[in-house]
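The chain contents come next:
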Amino acid sequence: MTDRMEDRAYDVVVLGAGPVGENVADRARAAGLSVAVVESELVGGECSYWACMPSKALLRPMTARADARKVPGLREAVQGPLDVPAVLAHRDAYASHWKDAGQVAWLDAIGADLYRGHGRLQGKKTVAVTAPDGGEQVLTARHAVAVCTGSRAVVPDLPGLADARPWTSREATSAQAVPGRLVVVGGGVVGVEMAAAWQALGSRVTMLVRGGGLLPRMEPFAGELVGAALTEAGVDIRTGTSAASVERDNGPVTVVLESGERIEADEILIATGRAPRSEDIGLDTVGLEAGSWLAVDDSCRVEGSDWLYAVGDVNHRALLTHQGKYQARIAGAAITARAQGVPLLETDRWGAHSATADHAAVSQVVFTDPEAASAGLTLAEAESAGLRVRGVDYDMSGVAGAGLYADGYRGHARMVVDLDREVIVGATFVGPGVGELLHSATVAIAGEVRVDRLWHAVPAYPTISEVWLRLLETYRG
């Protein structure tokens, strides 16, 4: 029997205290609405403790060393191995040692009330929170409930896998020791980043990729260049390869391929996709399917509802932290406007109530060596959407700034131009340091800047951004 506390009412109840939930809460509180935030794990969520921050802390020493090894006069000084304890300590610090006191203090500072425990919908505008001690608190929302529960790694139903204690992205970013041998199943972003990080720290890495190449959601050359660099670094990449079963007792793990070949390793990382964390949050009590992605409109309000919002990964629009935080700003503004009886004008100057970037200008960086960065549509996606487009390519080794950045700089750039509107709808860059180049592409795409105006945006010389001039020259012919 659980203890039942007195029901509490708030203007907004937020399920999930990751970056997305925090931003919804912040926007609502800034507008004067009362907010309750429910979290079953650590305040700060996946990004802070098991994704963005620890993974990039693991990767940065590897990319910095790779860059240094391409600079004359410096390469000789950085030929040794990475200092593994220092790298892991750096990672631990960026994950706040898996303690959320700082994030809790921030929630307190904005005036949001935190409820620790598992939250479940109990009908319209009602959330029941079961605390770790079994006590129950029922929260009611005057205006909105925002589901910001994110996503989780998918572990396929492979014979023997569940008993083999596989790594997911969480274990891969928080492991306290370097596995001597690591098998990575999957060739997407998590797969390539973790293969790069652990190989640099001393693992012998084998990648099993069911498809024909890496990074299948980006331009094909991105996966090709990243794959070539991983192979040069010592990663064994096997495309068109699937695991049939996995075996493990108390020691190493054995992966049995469909061909019958057996690969032995110390750990296996499953990086084959994400699923919504919505299986046990009471969706069935409001007529929705448990465990489903939640379809929303551009204000992130669940279709068919006037009070339920789904923000971030759980709505499946763009599974990226920065896009989720963007959606949270939109949702927070929309919730506030509706609570205050203000009409939502999607044509207002800021477009504050409509998450249009989820359709047109999603940006992403893969922090490998080389980096792969993209915004907007690939050439294939643009063609599938029915646009009349042209892909404009340029070898980035021909840019003066690239040669200064690194001896033997290897990279490639593509912009995708909508020929009817003469605007850029997509851009992809692969090469060392291109992540910091990406926002210029994002601005051009989101702003629908005509290519004839971009001709007058003069890149500084000698920087890698001069690739913009070369792309425009190639387009003009």
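Summarised in this report is the structure supplied together with it.

1. Some points on the nonpolar core
Thought 1: V192, W198, M207, L215, L230, L269 and A372 are the most contacted members of the largest nonpolar core, which totals 35 residues.
Thought 2: Going through the elements one at a time, α3 (52–68), α4 (84–94), β8 (181–185), α7 (189–200), β9 (204–209) and α8 (220–233) are the ones with two or more residues in this core.
Thought 3: Among the elements that line this core, the one with the most residues is α7, at seven residues.
Thought 4: Among residues more than four places away in sequence, those in contact with V192 are G187, M207, L214, L215, V226, L230, V366 and T368.
Thought 5: A406, A427, A444 and V451 belong to the second-largest nonpolar core, a separate cluster that totals 30 residues.

2. Structural notes on the sheet that holds strand β20 (residues 412–418)
Thought 1: In space, the five strands of this open sheet follow the order β17-β18-β21-β20-β19, with antiparallel pairing throughout. Two strands in the sheet have a free side with no partner beyond their single neighbour: β17 (363–366) and β19 (389–395). Each adjacent strand pair in this sheet contributes to an overall mean axis angle of 10°, direction not counted.
Thought 2: Of the strand pairs in this sheet, strand β18 (residues 371–376) and strand β21 (residues 423–431) are connected by six bridges, and their pairing is antiparallel. Opposite E371, over in β21, you have G431 as the bridge partner.
Thought 3: The strands touched by helix α15 (residues 467–476) are β19, β20 and β21; relative to β19, the strand with the most contacts, the crossing angle is about 130°.

3. Focus: the pairing of strand β6 (residues 136–147)
Thought 1: For β6, a buried count of nine out of 12 residues is recorded, marking the element as mostly surrounded by other parts of the structure.
Thought 2: Two strands pair when backbone bridges link them, and strand β1 (residues 8–15) and β6 are joined in this way by seven bridges, in the parallel orientation. In the sheet register, Y10 faces β6, and the bridge partner there is A141.
Thought 3: Judged from the five bridges that link them, strand β5 (residues 126–130) and β6 form a sheet pairing that is antiparallel. Considered in β6, the bridge of T126 is made with T140.
Thought 4: What sits between β5 and β6 in their antiparallel hairpin is a turn of five residues, with G134 showing a positive phi close to 95°.
Thought 5: Examined bridge by bridge, β6 and strand β16 (residues 308–310) share three bridges and lie parallel to one another. Residue V145 lies in a different strand from β16, and its bridge partner there is L308.

Parameters at a glance
Residues numbered from 1 in each chain as written. Predicted model: local features only at pLDDT ≥ 70, side-chain atom pairs only at ≥ 80, totals over all residues. Heavy atoms only, no water. Core = buried A, V, L, I, M, F, W, Y, C linked by side-chain atoms within 4.5 Å. Buried < 20%, exposed > 50% of the residue type's maximum accessible area, 1.4 Å probe, protein only. Helix = DSSP H or I, 4+ residues; strand = E, 2+ residues; numbered from the N terminus. Contact = heavy atoms within 4.5 Å. Pairing = 2+ DSSP bridges. Axes fitted to C-alpha atoms, helices over the stretch in contact; angles between N-to-C directions.

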